[in-house]
Each structure stands twice: as C-alpha cells, then as structure tokens.
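So you can see what is in the structure, the chains are spelled out below.
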Amino acid sequence: MEIPEPRWLTDDETRAWLVLAGMLVRLPAELDAQLQRDAGLSHFEYQVLAGLSEAPGRTLRMSELALFANGSLSRLSHVARRLEDRGWLRRGPDRDNGRFTVATLTEAGWAKVVGSAPGHVAAVRRLVFDPLTQTQVRQLREIGSRLLAATGDAGRPLS
C-alpha cells in the first residue's frame with residue numbers, strides 16, 4: 001500500500017503557522033504571569049472564578065464550568081478544591097439533578113474576581129486588542145471561531 005504524500009505547508013502557511021504557534025505559547029504565559037504577579041491566581045483559576053461570576057446565581061455545573069474554562073473535569077476538580085480552601089467557591093449537589101455537582105462563587109470569590117479583573121483586562125487589552133484595528137478584531141473572532149470549529153469545539157460558549 002502506497003502512503004500518500006503529505007500536504008506540506010506552503011511558505012506563506014509556514015510563516016503563518018510559526019506566528020500562531022508562538023502566540024499560542026507566549027500569550028497564555030504573559031496572561032498567567034500578570035495574574036500570578038497581581039492577583040496570586042493562575043489564568044485557569046481566574047477563568048474558573050470569572051465563569052462563575054458571569055453565570056446566573058454565580059453557579060454552574062462543574063461540566064459546564066470545565067467547558068468555559070477550557071479544562072478537563074479532573075483539572076477543574078483539583079483547582080476547585082484549592083479555590084474552596086481559599087474560600088472563593090463551594091461545591092455541592094445540583095438541586096435539579098443530584099447526579100451533578102455545581103460550583104458556586106462565594107462573596108469572597110466575587111470580591112477576588114472584582115479585584116483581579118481590572119489588571120487582567122488591562123493586560124488583555126495591551127496584548128491583544130490595542131495592536132489591532134476594529135476590522136482585525138472582527139477577523140480575529142472569525143478566524144478563532146473557525147479554528148475552534150475545526151477542533152470540534154464549535155458549540156462552546158465562547159462567543
């Protein structure tokens with residue numbers, strides 16, 4: 001059986017890929033460093049708290065929260081335990097279906113999000129939006145949506 005020749009990247013695609021790959025490494029590292037320095041949180045911890053802060057009743061099923069924060073249930077469970085130990089969230093059975101566990105943001109967790117958000121938003125603005133035009137922001141959203149769809153995450157609540 002003959003193995004088909006790979007569809008090698010063109011020079012233009014290679015340059016675009018290298019830029020994207022660099023951004024995929026550097027941007028999360030920059031955002032994580034800012035949050036660690038200014039708020040004592042990892043980016044993932046912040047995403048968990050922020051997701052809860054935007055949810056009705058500041059409560060989400062753990063499975064929904066994992067999707068929002070772009071993490072596995074296992075990773076979320078470990079982080080939720082640390083956040084519980086700090087008094088920022090609590091977990092319990094879902095009142096509508098006890099087979100599910102929900103996470104709820106506490107008042108202390110709300111205060112942590114409120115205190116952490118301005119610095120995080122400033123970093124996101126500086127690193128992502130300030131260098132772009134409005135047209136490029138729309139293009140970024142469209143491109144990001146297409147790339148997420150290619151990974152099978154088209155239905156994720158990110159837009």
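Remember, predicted model here, so these are calculated numbers, not experimental data.

Rules used throughout
- Residues numbered from 1 in each chain as written.
- Predicted model: local features only at pLDDT ≥ 70, side-chain atom pairs only at ≥ 80, totals over all residues.
- Heavy atoms only, no water.
- Helix = DSSP H or I, 4+ residues; strand = E, 2+ residues; numbered from the N terminus.
- Contact = heavy atoms within 4.5 Å.
- Areas by Shrake-Rupley, 256 points an atom, 1.4 Å probe, with all protein chains shown as cover.
- Lys, Arg positive; Asp, Glu negative; His and termini not counted.
- Charge placed at Lys NZ, Arg CZ, Asp CG, Glu CD.
- Axes fitted to C-alpha atoms, helices over the stretch in contact; angles between N-to-C directions.
- Parallel < 35°, antiparallel > 145°, perpendicular 65-115°, else oblique.
- Nonpolar A, V, L, I, M, F, W, Y, C, P; charged D, E, K, R; others polar.
- Phe/Tyr/Trp six-rings, centres within 6.5 Å; stacked < 30°, edge-to-face > 60°.
- Lys NZ or Arg CZ within 6 Å of the ring centre and 35° of its normal.
- Core = buried A, V, L, I, M, F, W, Y, C linked by side-chain atoms within 4.5 Å.
- Buried < 20%, exposed > 50% of the residue type's maximum accessible area, 1.4 Å probe, protein only.

Draft legend 1. Main features of the overall build of the chain. For the chain, the count of helices and strands is 6 helices and 3 strands. Moving toward the C terminus, one meets the helices and strands of the chain in the order α-α-β-α-α-β-β-α-α. A separation threshold of at least 6 residues defines the contact pool for the chain, and within that pool the share at least 24 residues apart is 52%. Of the roughly 11,000 Å² of accessible surface on the chain, a fraction of 56% belongs to carbon and sulfur atoms. Across the chain, the centroid of the 21 positively charged side chains sits 6 Å from that of the 19 negatively charged ones.

Draft legend 2. Just the packing of helix α3 (residues 62-69) against helix α4 (residues 73-85), in detail. Orientation of α3 relative to α4, taken along the N-to-C sense of each, is 100°, at an axis distance of 9 Å. The angle between the axes of α3 and α4 places the two elements in the roughly perpendicular class. Where α3 abuts α4, its residues M62, S63, L65 and A66 lie against L73, L76, S77 and A80. Taken together, the residues of the contact of α3 with α4 break down into 6 nonpolar, 2 polar and no charged.

Draft legend 3. Structural context of unusual backbone geometry. Phi angles above zero are rare outside glycine, and R58 is one such case at about 55°. With respect to the helices, strands and loops of the structure, R58 is situated in the loop between α2 (43-54) and β1 (59-61). Here N70, not a glycine, exhibits a phi torsion of approximately 60°, which is positive. Residue position: N70 is located in the loop between α3 and α4.

Draft legend 4. Fine view of the packing of aromatic side chains. Counted by the stated rule, this structure contains 0 aromatic pairs. Above the ring of W110, the side-chain terminus of R58 is found at 3.8 Å from the ring centroid. Note that R61 overlies the ring of F100, its terminal NZ or CZ placed 3.8 Å from the centroid.

Draft legend 5. Looking closely at the nonpolar core. Core analysis: the biggest nonpolar cluster contains 24 residues, and V48, L49, L52, L65, L83 and L89 have the highest contact counts within it. Elements that contribute at least two residues to this core include exactly α1 (11-39), α2, α3, α4 and β3 (101-105). Of the residues forming this core, the biggest block, 6 residues, is contributed by α2. Residue contacts for L83: discarding those within four places in its chain leaves E45, V48, L49, W88 and L89.

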